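Summary of the model geometry
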Amino acid sequence: MKSDNNNSTKGRREFIQQATLAGTGLLLATPLQLFSNEKNTKTMSTNIKSRGYAGKNITDPLVKWEFERRAVGDDDILIEIKFSGICHSDIHTIKGHWGPQKYPHVPEHEIAGIVTAIGKNVTTFKLGDQAGIGCMVDSCMKCESCKNGEEHHCETGMTGTYGSPEKSSPTGITQGGYANNIVVKAHFAIKIPNNLDLKYVAPLLCAGITTYSPLMRQNFKKGDKVGIIGIGGLGHIAVKLAVSKGAEVYAFTTTANKKADILSFGAKEVIVVDSMEKLNPYRGKLDYMLSTVPYDYDLASYANCVKPYGNFTQVGMPINGHLSLNNFQMIFNRVNFNASLIGGIPETQEVVDYCAKNNIHPQIEMINATEINAAWDKVVNKEARYRFVIDASTF
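The following paragraphs examine the structure supplied in this document. (Residues numbered from 1 in each chain as written. Predicted model: local features only at pLDDT ≥ 70, side-chain atom pairs only at ≥ 80, totals over all residues. Heavy atoms only, no water.)

1. Looking at the packing of helix 6 (residues 207-218) against helix 7 (residues 235-244)
Their axes nearest at 9 Å, the elements helix 6 and helix 7 cross at an angle of 45°. It follows from the interaxial angle that helix 6 and helix 7 lie oblique. Of the two possible hands of crossing, helix 6 and helix 7 adopt the one that is right-handed. Together, Ala207, Gly208, Thr211, Tyr212 and Leu215 of helix 6 and Ile237, Ala238, Leu241 and Ala242 of helix 7 make up the contact between the two elements. Of the residues assigned to the contact of helix 6 with helix 7, the class counts are 7 nonpolar, 2 polar and no charged. (Axes fitted to C-alpha atoms, helices over the stretch in contact; angles between N-to-C directions. Helix = DSSP H or I, 4+ residues; strand = E, 2+ residues; numbered from the N terminus. Parallel < 35°, antiparallel > 145°, perpendicular 65-115°, else oblique. Left-handed = near helix turned anticlockwise from the far one by under 90°. Contact = heavy atoms within 4.5 Å. Nonpolar A, V, L, I, M, F, W, Y, C, P; charged D, E, K, R; others polar.)

2. What to know about the side chain of Asn181
Along the polypeptide, Asn181 turns up in strand 8 (residues 181-185). According to the relative accessible area criterion, Asn181 is buried, its value standing at 8%. At 3.0 Å, the side chain of Asn181 forms a polar contact with the backbone oxygen of Lys49. Setting aside its immediate chain neighbours within four residues, Asn181 contacts Ile48, Lys49, Ser50, Arg69, Leu78, Ile79 and Ile81. (Buried < 20%, exposed > 50% of the residue type's maximum accessible area, 1.4 Å probe, protein only. Polar contact = N/O pair within 3.5 Å; in protein donor to acceptor, adjacent residues only side chain to side chain.)

3. Thoughts on helix 12 (residues 372-380)
Buried within helix 12 we find Ile372, Ala375, Trp376 and Val379. Projected down its long axis, helix 12 carries its buried residues within an arc of 105°, all on one side. Of the residues trailing helix 12, Lys382 is marked for its positive phi of about 60°. (Arc of directions from axis to C-beta.)

Take a look at the structure:
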């Protein structure tokens, strides 16, 4: 009996020692170690705890909110968010400018971070990779648009990065990037080249692709005169992209104190439009024009600056999507009006790779999470210079 008791005591002691060591190991382990096995493919079977900032209604400031994301599935990756951009779309959405929303609601679709877990079917990412998420996180993947790399035009509707109904989400909707992590299908993640600093990546995943896609489809030639209207988060990147392709860029802004900045981005000329008469000298002079203005404005007067049968593209999305268009002006200026959304996953990867190769960086201002609401006010008041980026470690 004495020998049995000694053996039992010894067994309990060994178990306690092993458990203590295991617990210490968990405390010291990195996220990469916790979420991976020897093949770096083990996923978590439980929901992922997340913390961020959410809108609770259309009027109040965003507040801290703890919530859960779905467990990492076989086709998913988990990204530890490092940086999130602030897009005017976040404000329009939470404020209900584009329709009723479900709350609580974490906005943002300019997300850059590090992969910390991957599903067993994922082959395009490995642990520790830099990855980004743009404006969508799912689509049917079966329609012609999806098969052609235009998932944003999915014929059954894409799933937006925030605010879209999602059965797998514990909150019932997708929750965006004002948070410390995100779970997403690997197909909708963008690989970030190692030579591109993550803090510059986030704005490329919305502002970058939104302007890059129509600019590239225009196929303008070196020396062509390209007009960019609205030099904010989108417009300043559009200037840099167009200049990099050899265009003569004419930037139109209502903010006079941006002039020196815009010239430093490579614009040939900056037109401060404090009255519509300022547009008259440019009537019929431009080969192409791109507008990023997110409000209703006198579009036709700007379109008059484009040569007959040239193209004018609107990417800024006003409240309720409505724009006033003077058809009398349009029938006489003979300018072709069109609008553009974002871009598909292949094209989003293309713009990130292009900016990495050509050393194109957005102009950013880094903020902490506690400064989000103040930053929103500055965006609305045209005081952003030129894209606010949130340090996600402050969530």
